[in-house]
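# What the coordinates show
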Amino acid sequence: MRKSTTDFLEFKRNVTIIVEEYFATDDIVSTANELRELEMSGYHYYFVKKLVSMAMDRDDKEKEMAAVLLSALYADIIDPPQVYRGFCKLVESADDLIVDIPDTVDVLALFIARAVVDDMLPPAFLKKQMASLPEDSKGIDVLKRAEKGYLSAPHHAEIIERRWGGGMKKTVEDVKAKIDNLLQEYAVSGDKKEACRCIKDLKVPFFHHEIVKRALIMAMERKQAEGRLLDLLKEASEEGLINSSQTSKGFGRMIDFVDDLSLDIPNARRILQSLISKAASEGWLCASSLKSLVPTPVKGSLQDDSAKIFKLKAQSIIQEYFLSGDISEVGSCLGSENNAYSAELNAIFIKRLITLAMDRKNREKEMASVLLSSLCFPSDDVVNGFIMLIESADDTALDNPVVVEDLAMFLARAVVDEVLAPRQLEEIGTQFSGPESIGRKVLQMAKSSLKARLSGERILRCWGGGRTGSPGWDIEDVKDKVGRLLEEFESGGDIGEACRCIKELSMPFFHHEVVKKALVAIIEKKNERLWGLLDQCFSSGLITTYQMMKGFGRVAESLDDLALDVPDAEKQFKHYVERATLAGWLDSSFCLSKSGPTKENGANQ
């Protein structure tokens, strides 16, 4: 223990010197080498915390330098979990930082927003940390400022990346633009010597994985340029211009990105597999260092943005189910959204259902298993859904450290519920080779659970279930609570108290009911106090644009009935839609049609 403490103290002293030297020299390469030579990767979270906290007390030049350095070191020198932990420590220490740095809330919020924009922190970081901090913590203010003040703003990525841009010779976006230019020029000219010179002149060796990634995307999009681009990567690799670690990282990022790329390039997975095979056969890529690029586990290929749209719809359906426990409603909604009963959409729904459940309590996990058993999806679709889940487990692990245990239990429960046959565990296992792969660990743990004495009974009760009673809230009780709190506010209640009551319902995915009931009361009684409440809820982030649109959509559907009591209901509704649109509550895609709900494509929860 004493040696460990001594090592950490030594690391802290060295880190302070390294950061000071970096601010003086602006030398990313030397800084990376010095950090690597310390050989204390388990303490890198402290480097993240120290770098950011020192930059916070300096000028914009140093703040930008710190953000660029983190992006350059991310994944290659500093592992993603260490970056995540470093920012956790920063948020937790906000109360201490503000003593010496009065603008801590704004500056640290911007560092967090920048880390999200630079793909170093998942957006879920904000919600996770808010839930773990005391309500009176300055860290809560930091996270709210990052979310509401920066990440929710129009064109936020561009604004965030330019906020400290005055003092730097190059930003990440500048480098990406230069990479695109050199690759495009090379694809036309074929001048490898000139392309290699341009790569060298960038002087960002720890960002060369971006060159590999962008060259591969261009090769997949322009078939005629494929051979030329692979030749460039081979030349750069053989000359040591792009090292093997950066090459593997570039290919690895493509494997992570290939499902999204498939929306624009239908054969993206097959093409990428071909590129990996060519690079490995020519000796400039170590294919064994990459995650398995399994054949796409779904039948057919969805066109355009239909898969993305379905994911948003599926998320809404699942969140409402966790609230209501209404299995029949889920079946009805799924039938309307997946009327062709696409195997791919079934697998996507299963992945989304279990992913959302794993981030919640045992109640929702039990509900997810009950729903999976009740929907009677073809077993092949369930297999494909679990394969997709396991493929994304590395990313899920950033937010859920026990992802292996959770996935194993969901898999075992699916076998006990006869959603999957035991032999299909082997089918899933064939997709994940290597004894240390997450897929292999999940399968081994699931099998161990199934072999245990009285396994069926234990697995059925693992989340407190056993199918006794119906899961979920009583939806009528919730509606009554919403109605009562609005009536109390109408009759002279405090707006802060009303917002607190809405928040304490702890059902953000049912806030459309608040919007609907408030809007109906406004139309019936012309009570502007309720409009003020909705405005406060929206401006504070309590009610999202998605929930606003959904609430207005519910009112649009009921206008004919409302007009029986309020003859000018439709005229009033149009007026309020215009006001809400001007206030930014409603997206431009909102439709005034009474025949259906608002258009939700593009709205985020």
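Structural notes, computed from the coordinates. (Residues numbered from 1 in each chain as written. Predicted model: local features only at pLDDT ≥ 70, side-chain atom pairs only at ≥ 80, totals over all residues. Heavy atoms only, no water.)

Looking now at the packing of helix α29 (residues 511–525) against helix α30 (residues 528–539). With their axes 8 Å apart at the nearest point, α29 and α30 run at an angle of 155° to one another. By the angle between their axes, α29 is roughly antiparallel relative to α30. In this structure, α29 crosses over α30, and the sense of that crossing is left-handed. Residues Val515, Ala518, Leu519, Ala521 and Ile522 of α29 lie in contact with α30, whose contacting residues are Leu530, Trp531 and Leu534. Within the contact of α29 with α30, the residues separate by chemical class into eight nonpolar, no polar and no charged. (Axes fitted to C-alpha atoms, helices over the stretch in contact; angles between N-to-C directions. Helix = DSSP H or I, 4+ residues; strand = E, 2+ residues; numbered from the N terminus. Parallel < 35°, antiparallel > 145°, perpendicular 65-115°, else oblique. Left-handed = near helix turned anticlockwise from the far one by under 90°. Contact = heavy atoms within 4.5 Å. Nonpolar A, V, L, I, M, F, W, Y, C, P; charged D, E, K, R; others polar.)

What follows deals with the packing of aromatic side chains. Taken as a whole, this structure holds twelve aromatic pairs when the rule is applied. Summarising the aromatic geometry, the rings of Phe8 and Tyr46 are spaced 5.5 Å apart at their centres and angled 80° between planes, so their arrangement reads as edge-to-face. Of this pair, Phe8 sits in helix α1 (residues 2–25) while Tyr46 sits in helix α3 (residues 44–56); the two residues are 38 residues apart in sequence, bridging distant segments of the chain. For Tyr46, a relative accessible area of 13% gives the class buried. On the numbers, 5.9 Å between centres and 45° between planes, the contact of Tyr22 with Phe23 is tilted. Of the two residues, Tyr22 and Phe23, both sit in the buried class. The cationic tip of Arg529 hangs over the ring face of Phe489; the distance from NZ or CZ to the ring centre is 4.3 Å. (Phe/Tyr/Trp six-rings, centres within 6.5 Å; stacked < 30°, edge-to-face > 60°. Buried < 20%, exposed > 50% of the residue type's maximum accessible area, 1.4 Å probe, protein only. Lys NZ or Arg CZ within 6 Å of the ring centre and 35° of its normal.)

Evaluation of the coordinates by the stated rule reveals zero disulfides. The structure places no disulfide on Cys501, whose sulfur is separated from the nearest cysteine sulfur, that of Cys499, by 9.3 Å. (Disulfide = S-S within 2.5 Å.)

This brings us to the environment of Ala518. Counting through the fold element by element, Ala518 comes out in helix α29. Take Ala518: its relative accessible area is 0%, and that puts it in the buried class. As a C-alpha pair, Ala518 and Gly551 span 33 residues in sequence and 9.3 Å in three-dimensional space. The contacts of Ala518, once residues within four sequence positions are left out, are Leu486, Leu530 and Leu534.

This brings us to the nonpolar core. The biggest cluster of nonpolar side chains holds 65 residues, and the ones touching the most others in it are Phe47, Phe87, Leu108, Phe111, Ile112 and Phe125. Looking at this core element by element, the count peaks at eleven residues for helix α7 (residues 104–117). Residue contacts for Ile112: discarding those within four places in its chain leaves Phe87, Val91, Leu121, Phe125, Leu126, Val142, Leu143 and Ala146. (Core = buried A, V, L, I, M, F, W, Y, C linked by side-chain atoms within 4.5 Å.)

With that out of the way, let us pick up the pattern of salt bridges. Counted by the stated rule, this structure contains 26 salt bridges. Here Asp406 makes a salt bridge to Lys365, at a shortest N to O gap of 4.0 Å. Here Asp406, found in helix α23 (residues 403–416), pairs with Lys365, found in helix α20 (residues 362–375); they are 41 residues apart in sequence, far enough to count as distant. For the pair formed by Asp406 and Lys365, the shared burial category is buried. Of the charged contacts in the structure, one is a salt bridge between Arg413 and Glu366, with a shortest N-O distance of 3.0 Å. Of this pair, Arg413 sits in helix α23 while Glu366 sits in helix α20, and the two are 47 residues apart along the sequence. The burial state of Arg413 is the same as that of Glu366; both residues are buried. Residues joined by salt bridges that share partners form a network here, namely Asp180, Glu210, Arg214 and Arg253. (Salt bridge = Lys/Arg side-chain N within 4 Å of Asp/Glu carboxyl O.)

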